[in-house]
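Residues per chain are reported as follows:
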Amino acid sequence: MITMIAFYLFAAILIASAAMVVSARNPVHSVLFLILAFFNAAGLFLLNGAEFLAMILVIVYVGAVAVLFLFVVMMLDVNFVELREGIQRYAPIGAVVGLILFAELLMVVGVWHFSPAISTLRVALTPMAEQNTAALGDLLYTHYILLFQIAGLVLLVAMIGAIVLTLRERTLSRHQVIARQIARSPDDTLELVSVALNAGIPAASFRRPLADPLAEQPQEHDDRHPHIVSGAAHHEERH
Amino acid sequence: MAAFFQTPLGILLLMILEALAILVPLLLGVAYATYAERKILAAIQLRKGPNVVGWFGLLQAFADAGKMLMKETIIPTGANRILFLLAPMITFVLAMIAWAVIPVNDGWAIAKINVGVLYLFAISSLGVYGIIIAGWASNSKYAFLGALRSAAQMVSYEVSIGFVMVSVLLCVGSLNLNDIVLAQRHVWFFIPLFPMFIVFFISGLAETNRSPFDLPEGESEIVAGFFVEYSAMAFALFFLGEYANMFLMSAMTSILFLGGWLAPFGIAPFTWLPGPIWFILKILLCMFVFIWVRGTFPRYRYDQLMRLGWKVFLPLSLFWLILTAGFLMATGLLPQGAA
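Residues numbered from 1 in each chain as written. Chains lettered and ligands numbered in written order. Predicted model: local features only at pLDDT ≥ 70, side-chain atom pairs only at ≥ 80, totals over all residues. Heavy atoms only, no water.

Engineer: Let's hear about the overall build of chain B: which residues, and what values?
Structural biologist: Looking only at helices and strands, chain B has 12 helices and 0 strands in total. N-terminal to C-terminal, the α/β element order of chain B is α-α-α-α-α-α-α-α-α-α-α-α. Relative to a compact globule of 339 residues, whose C-alpha radius of gyration would be 20 Å, chain B shows 21 Å and is just as compact. For chain B, the spread of C-alpha atoms along the principal axes amounts to about 60 × 60 × 45 Å. Expressed as a percentage of its 339 residues, the buried residues of chain B come to 52%. (Helix = DSSP H or I, 4+ residues; strand = E, 2+ residues; numbered from the N terminus. Rg over C-alpha atoms; globule rule 2.2 N^0.38 Å. Buried < 20%, exposed > 50% of the residue type's maximum accessible area, 1.4 Å probe, protein only.)

Engineer: Account for the interface of chain A and chain B, naming residues and giving values.
Structural biologist: Between chain A and chain B, the contact holds 23 residues from the first and 27 residues from the second. The junction of chain A with chain B conceals about 2200 Å² of combined surface from both sides, 76% of it contributed by carbon and sulfur atoms. Ranking the residues of chain A by area buried against chain B places A:Met55, A:Ile59 and A:Met74 at the top, with a combined share of 25%. Where chain A meets chain B, there are 0 salt bridges. At the junction of chain A and chain B, the tally comes to 3 residue pairs in polar contact (both at pLDDT 80 or more). Elements supplying a minimum of two residues to the side of chain A that touches chain B: α2 (27-47) and α3 (51-75) of chain A. For the side of chain A that touches chain B, the element with the most residues is α3(A), which contributes 13 residues. Its residues placed into classes, the side of chain A that touches chain B shows 16 nonpolar, 6 polar and 1 charged. (Contact = heavy atoms within 4.5 Å. Buried area = accessible area lost by both parts, 1.4 Å probe. Salt bridge = Lys/Arg side-chain N within 4 Å of Asp/Glu carboxyl O. Polar contact = N/O pair within 3.5 Å; in protein donor to acceptor, adjacent residues only side chain to side chain. Nonpolar A, V, L, I, M, F, W, Y, C, P; charged D, E, K, R; others polar.)

Engineer: Tell me about a nonpolar patch on the surface, and name the residues and values.
Structural biologist: All names here are of chain B. There is a patch of nonpolar side chains on the surface, built from Phe 4, Leu 9, Leu 12, Leu 13, Leu 14, Ile 16, Leu 17, Leu 20, Val 24, Leu 28, Leu 59 and Phe 62 and spanning about 1100 Å² of accessible area. A per-element tally of the nonpolar patch places helix α1 (residues 8-44) first, with 9 residues. The topology assignment puts Leu 20 in helix α1. (Patch = residues over 30% accessible without salt bridge, like charges linked within 9 Å, V, L, I, M, F, W, Y side chains within 5 Å. Areas by Shrake-Rupley, 256 points an atom, 1.4 Å probe, with all protein chains shown as cover.)

Engineer: Which residues make up the packing of α3(A) against helix α5 (residues 141-172) of chain B, and what values do they have?
Structural biologist: Relative to each other, α3(A) and α5(B) sit at 155°, their axes nearing to 11 Å. Regarding the angle of α3(A) to α5(B), the classification is roughly antiparallel. When you trace α3(A) past α5(B), the crossing you get is left-handed. Across the interface between the two elements, A:Gly63, A:Val67, A:Phe71, A:Met74 and A:Met75 of α3(A) pack against B:Phe144, B:Leu148, B:Ala151, B:Ala152, B:Val155 and B:Glu158 of α5(B). Along the lines of polarity and charge, the residues of the contact of α3(A) with α5(B) split into 9 nonpolar, 1 polar and 1 charged. (Axes fitted to C-alpha atoms, helices over the stretch in contact; angles between N-to-C directions. Parallel < 35°, antiparallel > 145°, perpendicular 65-115°, else oblique. Left-handed = near helix turned anticlockwise from the far one by under 90°.)

Engineer: Now, about the packing of aromatic side chains: what can you tell me, with residues and values included?
Structural biologist: Tallied over the entire structure, the rule returns 21 aromatic pairs over all chains. Judged by centre distance (5.3 Å) and plane angle (45°), the ring pair of A:Phe38 and A:Tyr61 falls under tilted. Of the two residues, A:Phe38 sits in helix α2 while A:Tyr61 sits in helix α3, which places them 23 residues apart along the sequence. Relative accessible area serves as the criterion here: at 19%, A:Phe38 is assigned to the buried category. Residue class for A:Tyr61 comes out partly exposed when judged on its relative accessible area of 39%. For the ring pair B:Tyr230 and B:Phe238, a centre distance of 4.9 Å and an interplane angle of 80° mean the geometry is edge-to-face. (Phe/Tyr/Trp six-rings, centres within 6.5 Å; stacked < 30°, edge-to-face > 60°.)

Engineer: With reference to specific residues and values, describe the layout of surface pockets.
Structural biologist: Residues and elements named next belong to chain B. Estimates place the volume of the second largest pocket at around 840 Å³. Mapped by element, the contributors of at least two residues to the lining of the second largest pocket are α1, α2 (60-70) and α9 (232-256). In terms of residues, the lining of the second largest pocket owes the most to one element, α1, which gives 8 residues. For the lining of the second largest pocket, a count of residues per class yields 21 nonpolar, 3 polar and 9 charged. (1 Å grid on protein atoms, 1.4 Å probe; cavity = no way out; pocket = protein on both sides within 12 Å on 5 of 7 lines; lining within 4 Å. Points joined across faces, edges and corners; volume = space filled by probe spheres on them.)

Engineer: Lay out the nonpolar core with the relevant residues and their values.
Structural biologist: Nonpolar side chains in soluble globular proteins generally cluster together in the buried interior. Residue and element names in this part refer to chain B. Core analysis: the largest hydrophobic core is formed by 113 residues, its most contacted members being Trp 99, Tyr 129, Ile 180, Phe 200, Tyr 230 and Phe 257. Among the elements that make up this core, the one with the highest residue count is helix α4 (residues 116-137) (16 residues). Other than its neighbours up to four places away in sequence, Phe 257 contacts Val 164, Val 168, Gln 184, Trp 188, Phe 189, Phe 190, Leu 193, Met 196, Phe 197 and Phe 200. (Core = buried A, V, L, I, M, F, W, Y, C linked by side-chain atoms within 4.5 Å.)

Engineer: Tell me about the domain arrangement of chain A, and name the residues and values.
Structural biologist: Where interface size is given, it is often the accessible area lost as the parts come together that is meant. Looking at the assigned domains, one finds that chain A contains domain 1 (1-108) and domain 2 (132-162). Placing the centre of domain 1 of chain A and that of domain 2 of chain A at their C-alpha centroids yields a distance of 25 Å. (Domains from an automatic or database assignment.)

Engineer: Give a description of the side chain of B:Asp214 that names residues and reports values.
Structural biologist: Residues and elements named next belong to chain B. Along the chain, Asp 214 falls in the loop between α7 (194-207) and α8 (219-222). Using a relative accessible area of 9% as the deciding quantity, one classes Asp 214 as buried. Side-chain polar atoms of Asp 214 contact the side chain of Arg 299, separated by 2.8 Å. Aside from chain neighbours lying at most four places away, what touches Asp 214 is Asn 209 and Arg 299.

Below is the structure:
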């Protein structure tokens, strides 16, 4: 009874928010409705006893993917009214895609309906294991480890491809190399000199020209030329 | 009486009572956490801290809450009203609902679900929405900058938190929080997994936007970051949410690494104290370190924050995960199935 109510509640909100995703005027609202849709899908998973899938849906899609989505959409400065003008032109294509998907779904469900025995012919039987976390792990990491690894490699290649396409060498930015900072010792940077009275230090020895950031490599500055501490000189003068 | 609690009304009443039993102490704890923070910071800086309202300033938290209630809620023009008011509620509610799965003693959790760790991970990764929605709906530059910073920061540190959790799960063989604590009967996980414990705690600081990773607030550069436009109760909800999240992170640290409700060593003088007391003591210890860190370290620069997350913690936690898995396989200690 409660399960029924929960199912219809989740399903109704899911469909309504999915409709709002495509019809909301503000793209940020669209993404927020998408997040609501993910949540309700997670709720439906939970009702079916697929607790692991529900949590992973929330963690991966809501917690990571949708955040980046929202991040990008909030920063976009696109005139969405202009974008919407093509909607009449592209609506038939969208409708055809939707119809095809719907037909495929009908066929899948129809087969189950007309021939319940077909589910026994599946290559991978639904494991009747204790918890579905363990069952999924068994399927993915024991029986289909090769396919799973290949899928992971495909994603890795896609990721490296995206990085290679967008990587550009920024010669102007000054990177902090923490290892070098830590490796520096006072001897590298400080030098104590005792200066003759009224003689001072020749300016050239401590006032080094600052590296021109445009001309020189950013790694080159700083630690070559030691600063000179003239504290000793002041000390002597006071006496 | 027992029969009454079997009826639907009784079950509902029981659920409400269970929720209150954990939320009321939590909110009281949050109120005194703000007081404790001010006192500890004051002690670090050789000041007195709040000492006027009540004995030793003990009623300061309630005076602050009363003040917040009296103030006017200001909604800036150009702000998205619904989202503007929704954001603090999301922050607060998310900080509360995570406590449904926290086991206070053996089997003492409101919801004993099998994927407890994943639930906690999911809820804590949702915390970013309150901040990002607040920043966007305020229609203010500073708020927006704070929101973008926090989005990047929380997504980055979640990754290493995930790896740390997986390496703990490898040692337990179950996603159930109760099993995780029981698996630490012999040795608390912070001893064998010490680097992971440190990574988890520091990532927890970043995940709760606490100093030295409080760049989303960053008073010195972006005023107060994402909640610069908030006032009165909406502001108070953010504040409560932040402290409740600190408590949650402390509770997660004590469950994953410090043996939850288990007494240290499991021997006589320690076992006289009941489990929940030990659990609370461990949470308070973590809270103290949270505040201590705030009093000690300067704020990170943004590029240093990103470097720490992606170039230090991510490789380290991944390496340690593989090491843990390899060690467990090689020694045959790998737990099989649910404990």
